[in-house]
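Examination of the molecular architecture
Given next are the chains, with one letter for each unit.
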Amino acid sequence: MDRIVVTGGAALNGQIPISGAKNACLTLMPAALLSEEPLTLTNVPRLSDISTMTELLESLGCEVASLQGGRVLAIGTAKISNHTAHYDIVRKMRASIGVLGPMLARDGEAVVSLPGGCAIGARPVDIHLSGFEALGAVLDLRDGYIHATAPKGLIGTTYELPFASVGATENLLSAATLAKGTTVLKNVAREPEIVDLAKCLRAMGAQIEGEGTSTLTIQGVDRLGGATHQVVTDRIELGTYMLAPVITGGKVELLGGRRDLVSAFSDKLEAAGAIIEETPNSLIVSRKGDIIHPVNIKTEVHPGFPTDLQAQMMALLTLADGTSVLEETIFENRFMHAPELIRMGADIEVHGGHATVKGVKSLKGAPVMATDLRASISLIMAGMVAEGETVVTRVYHLDRGYEHVVRKLSACGANIERISE
Ligand code: EPZ
């Protein structure tokens, strides 16, 4: 297994291009199942999760052409020749559940493996399933698979999500575009990835109102056409790299960055000591002086502080000149980076959904283990400022969500390399 070796001490200066959003791509790609005409996506990030979704779509009968080194995906679904999403693919990536809605809407049938949990939580899909039942689907859960049918097609309805689940919102939104009549989805997620999906579906001919608010109204249509859609900038990668010059010192320009994608995070980063300047097509971030100030964080659904940036923020706050409290309200087990940061000398106490971080003068490099995607990058952030060498193992987690992380950080002066074994 590969590992990443970081030697701390270098301030970061330079430019980092921000890629297209993994979490937008993983819901845009299944949308190609809704139409017989091709869906072309541009600004696609080159990540292992995208390859996994490509593998899944091809197993269903899609033709996926990867162009310009993977930056452009042209996905054609003249026919869905196989309606079963197998466990061996779904278990690798939970977002695979996102093929359920489009297949059900297009052909009235879908068999999708239950995704199972992951390191950060049980990750149930009950909201997805109750939403599909509200749309008239008949679901039978057996032998670890969801067997879904809608012989007369999906029927528009009003459904209120018990929790503003991102994945459930995306799955139900996609399905409702081909349902008969009007569907009103209440208490939906408002993340930028939902807005991006709605834009793409509308380009395909869907009739959607309300994206970015808590209520989506979809007027079903008989069929959808093809489209070409540019994937929105990855706000989680953006936030991650905004934090890098604040933890190491220096000044970094994030190309493609927009503050509206990360406003709650930016407010907290400024409170911790960041200076954030916005240009027409980038954000320029630096640190005010040498002090990192403590801040309290509570992760919430958008537009609140994103859970996917909690681990990165914790790495920064380990060096604050005071005590910070981080409350994780979205996932039940998303502090696994804490024990690894403690190995580097951080002073963190975790009690249930709260982590209390007492700032220390410095961190020490150490061998650490990545446990999930966002935990892995938080260890790299800490390693860039720790004294000595930090070796991060299980970096396959990183490859799921961060394109060319070593190249992007070393281009700004980080002392970082990847050792392939
Ligand atoms: C998406 O996951 C993202 N993944 C996650 O990013 C992100 O952390 C999460 O949204 C929250 O913003 C993708 O977009 C591929 P949820 P998703 O459904 O859709 C509970 C990353 O690091 N829930 O909003 O799975 C669930 O258990 C990943 O890029 C139910 O109870 O998130 C969790 O506690 C990690 N029943 C909470 O809701 C359901 O049916 C949030 O889940 C669905 C969810």
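In case you missed it, the structure is sitting above this.
To keep things clear, this report deals only with the structure shown in the data block. (Residues numbered from 1 in each chain as written. Predicted model: local features only at pLDDT ≥ 70, side-chain atom pairs only at ≥ 80, totals over all residues. Heavy atoms only, no water.)

**Observations regarding the nonpolar core**
One finds Leu57 and Val99 to be the most contacted residues of the largest nonpolar core, which totals 75 residues. When residues of this core are assigned to their parent elements, the largest contribution, six residues, is made by helix 1 (residues 22–31). Sequence-distant contacts of Leu57, defined by excluding residues within four places in its chain, comprise Met29, Pro30, Leu33, Cys62, Val64, Ile75 and Val99. Residues Met242, Ile380, Val405 and Ile416 belong to the second largest nonpolar core, which totals 66 residues. (Core = buried A, V, L, I, M, F, W, Y, C linked by side-chain atoms within 4.5 Å. Buried < 20%, exposed > 50% of the residue type's maximum accessible area, 1.4 Å probe, protein only. Helix = DSSP H or I, 4+ residues; strand = E, 2+ residues; numbered from the N terminus. Contact = heavy atoms within 4.5 Å.)

**Quick look at unusual backbone geometry**
His302 connects to Pro303 through a cis peptide bond whose omega is 15°. Non-glycine residue Asn187 carries a positive phi angle of around 55°. Under the relative-accessibility criterion, Asn187 is labelled partly exposed at 28%. With a phi close to 55°, His404 is a non-glycine residue in the positive phi region. Positionally, His404 belongs in the loop between helix 13 (396–401) and helix 14 (405–410).

**Considerations on the sheet that holds strand 7 (residues 109–113)**
Sheets are built from strands paired through backbone hydrogen bonds, the pairs being either parallel or antiparallel. If you walk across this open sheet you meet the four strands as 6-7-9-8, and the pairing is mixed. A single partner strand is all that each edge strand has here, and the edge strands are strand 6 (84–85) and strand 8 (138–142). (Pairing = 2+ DSSP bridges.)

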